[in-house]
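Analysis of the macromolecular model
Here's the letter readout for the chains.
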Amino acid sequence: SQHRINRYVQSWNNNTKEVDDTVCQICNDGNYEDTNMIVFCGKCNISVHQKCYGVKELPAGDWICASCINFGPRKGKLLRCPLCSIRGGAMKPTNTPYTSPIFA
């Protein structure tokens, strides 16, 4: 709903940047639509498009990213992506074995 969207935008505006300067941490695009908003994790403040990260519906409360749910905001920032070796970011759990050629 528009009220929840406004709350996400207002929550972000109270932090370090304006929402107009924000980009999705997955696609690096700052454009958004009503059906594909940029959402912010309530713990680590990462910004992602709903469609890029797979957020089908905005929750009634704060949205929390998978890294913060599984590891917390401090440990989540230390995780290293097995595909690009960058620490932290918009990561999600996978069932793909580490021995898969995708990780080679």
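On to the overall build of the protein chain, then. For the protein chain, the helix and strand inventory stands at 3 helices and 2 strands. N-terminal to C-terminal, the α/β element order of the protein chain is α-β-β-α-α. Residue burial in the protein chain is summarised as follows: out of 104 residues, 32% are buried. Here the analysis covers contacts within the protein chain between residues at least 6 apart in sequence; of these, 35% occur between residues at least 24 apart. A total accessible area of about 7100 Å² is found for the protein chain, and carbon and sulfur atoms account for 50% of it.

Secondary-structure assignment places I69 in helix α3 (residues 66–76). The class of I69 is exposed, set by a relative accessible area of 58%. C-alpha separation for the pair I69 and K43, spaced 26 residues apart in sequence, amounts to 9.2 Å.

Here we come to α3. Looking only at α3, the buried set comprises A66, S67, C68, G72 and G76. Of the surrounding elements, those touching the buried residues of α3 are α2 (50–53).

Okay, the layout of surface pockets next. The calculated volume of the largest pocket comes to roughly 450 Å³. C81, P82, M91, K92 and P93 are, among the 23 residues lining the largest pocket, the residues nearest its centre. Looking at the lining of the largest pocket residue by residue, the classes come out as 14 nonpolar, 7 polar and 2 charged.

Within the largest apolar cluster, 12 residues are counted, these being C24, V39, C41, I46, V48, Y53, V55, L58, W63, C65, A66 and C68. Those residues in contact with C65, other than ones at most four positions away along the chain, are C41, C44, I46 and Y53.

For the rest of this paragraph, the subject is the packing of aromatic side chains. Under the definition given, this model contains 1 aromatic pair. Ring centres of Y53 and W63 lie 5.3 Å apart, and the angle between their planes is 90 degrees; on these two criteria the pair is classed as edge-to-face. Of the two residues, Y53 sits in helix α2 while W63 sits in the loop between α2 and α3, which places them 10 residues apart along the sequence. An identical accessibility class is assigned to Y53 and W63; each is buried. Between K92 and the ring centre of Y53, over which it is positioned, the NZ or CZ distance is 5.1 Å.

Here the focus is unusual backbone geometry. Positioned with a positive phi, N28 is a non-glycine residue whose angle comes to about 65 degrees. You can see N28 is positioned in the loop between α1 (2–13) and β1 (38–40). Its identity is not glycine, yet N45 carries a phi of approximately 70 degrees, on the positive side. Within the secondary structure, N45 is located in the loop between β1 and β2 (47–49). Judged by relative accessible area, N45 falls into the partly exposed class, the value being 22%.

So, how was this worked out
Residues numbered from 1 in each chain as written. Predicted model: local features only at pLDDT ≥ 70, side-chain atom pairs only at ≥ 80, totals over all residues. Heavy atoms only, no water. Helix = DSSP H or I, 4+ residues; strand = E, 2+ residues; numbered from the N terminus. Buried < 20%, exposed > 50% of the residue type's maximum accessible area, 1.4 Å probe, protein only. Contact = heavy atoms within 4.5 Å. Areas by Shrake-Rupley, 256 points an atom, 1.4 Å probe, with all protein chains shown as cover. 1 Å grid on protein atoms, 1.4 Å probe; cavity = no way out; pocket = protein on both sides within 12 Å on 5 of 7 lines; lining within 4 Å. Points joined across faces, edges and corners; volume = space filled by probe spheres on them. Nonpolar A, V, L, I, M, F, W, Y, C, P; charged D, E, K, R; others polar. Core = buried A, V, L, I, M, F, W, Y, C linked by side-chain atoms within 4.5 Å. Phe/Tyr/Trp six-rings, centres within 6.5 Å; stacked < 30°, edge-to-face > 60°. Lys NZ or Arg CZ within 6 Å of the ring centre and 35° of its normal.

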